[in-house]
Amino acid sequence: AYVASIRHNCNGIQNMSGLNNYLCRILAPFRFGDGNLPYLYSDVIFTKLPTITPRFSLESARNALEQIYFKEVNRAMSPLRVIKEHIFGHHANLFQL
């Protein structure tokens, strides 16, 4: 876990933590045939990196099928992001973080 002040920018914290570089190293043996690595699905505020991707933008879809895929992934993953935020809020209040 990497802890920083709530005033810090999410991308800044991610950069300081070295998470992407660490994930690139440990996930290298699991690279897909097209060269991509498995990645973490994150909030829209994050920059797209080899192992961290923000919520999919429907405007970036190359075709109708990809747009459907993006929409379905976003729909499936959104509740998990909301739960994470609620748990963080609960811990912040409970432990006065």
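Use the structure listed above.
Going along each chain's sequence as written, the residues are numbered from 1 onward. At least 70 in pLDDT is required for a residue's local features to be given in this predicted model, at least 80 for side-chain atom pairs to be given and counted, and no such filter applies to totals for whole chains, interfaces and linings, which use all residues. Side-chain descriptors were evaluated using all non-hydrogen atoms of the structure, hydrogens and water having been removed beforehand.

## What about the pattern of salt bridges?
Take a side-chain nitrogen of Lys or Arg and a carboxyl oxygen of Asp or Glu: if they are within 4 Å of each other, that pair is a salt bridge. Inspection of every chain in the model, using the stated rule, returns two salt bridges. A salt bridge links Glu66 to Arg62; the nearest nitrogen and oxygen atoms lie 2.6 Å apart. Salt-bridge contacts for Arg75 lead to Glu72; the nearest nitrogen and oxygen are separated by 2.7 Å. Of the two residues, Arg75 and Glu72 are both situated in helix 3 (residues 64-94); the distance of three residues between them amounts to about one turn of the helix. Labels follow the DSSP assignment, with helices taken as runs of H or I lasting at least four residues and strands as runs of E lasting at least two, numbered in each case from the N terminus.

## Quick word on helix 3
The terminal C-alpha atoms of helix 3 lie 45 Å apart, and with 31 residues this matches the ideal 45 Å at 1.5 Å per residue to within 8%. Met77 marks where helix 3 bends most, by close to 30 degrees; the proline Pro79 follows one to four residues later. The set of residues buried in helix 3 consists of Glu66, Phe70, Val73, Asn74, Arg81 and Ala92. Elements that come into contact with the buried residues of helix 3 comprise strand 1 (40-41). Definition of a polar contact: a pair of N or O atoms within 3.5 Å, with one able to donate and the other able to accept a hydrogen when the atoms are protein atoms, and with sequence-neighbouring residues admitted only if both atoms are side-chain atoms. One side-chain oxygen of the residue at the start of helix 3 lies 3.1 Å from the amide nitrogen of Leu65, identifying that residue as Asn63. Gln96, located one to two residues past helix 3, shows a positive phi value of around 50 degrees. Residue count minus one, scaled by 1.5 Å, sets the expected span of a helix. Two axes are fitted around each residue, one to the seven residues ending there and one to the seven starting there, and the angle between them is reported as the bend at that residue. Three exposure classes are used, based on accessible area relative to the maximum for each residue type with a 1.4 Å probe and protein chains only: buried under 20%, partly exposed in between, and exposed over 50%. Any pair of residues with heavy atoms lying within 4.5 Å of one another is described as a contacting pair.

## So, the side chain of Thr51
Relative to the elements of secondary structure, Thr51 occurs in the loop between strand 1 and strand 2 (52-53). Sequence-distant contacts of Thr51, defined by excluding residues within four places in its chain, comprise Asn20, Leu23, Cys24, Leu27, Leu37, Pro38, Tyr39 and Leu40.

## Considering the packing of aromatic side chains
Any two of the Phe, Tyr and Trp rings considered here, Trp counted by its six-membered ring, make a pair once their centres fall within 6.5 Å; the pair's planes then place it as stacked at under 30 degrees, edge-to-face at over 60, or tilted in between. Applying the stated criterion across every chain, the model contains four aromatic pairs. Measuring from ring centre to ring centre gives 6.2 Å for Tyr41 and Phe56, while their planes differ by 50 degrees; the resulting arrangement is tilted. With Tyr41 in strand 1 and Phe56 in the loop between strand 2 and helix 3, the pair connects residues that are 15 residues apart, well separated along the chain. Assessed through its relative accessible area of 16%, Tyr41 is described here as buried. Judged by centre distance (6.1 Å) and plane angle (55 degrees), the ring pair of Tyr69 and Phe70 falls under tilted. Phe70 gets classed as buried once you look at its relative accessible area, which sits at 9%. An aromatic cluster is present here, built from Tyr41, Phe56, Tyr69 and Phe70 joined pairwise through their rings. Over the ring of Tyr39 we find Lys48, and its NZ or CZ is 5.8 Å from the ring centre. Definition used: whenever NZ (Lys) or CZ (Arg) falls within 6 Å of the ring centre and also within 35 degrees of the ring normal, the charge is taken to sit over that ring.

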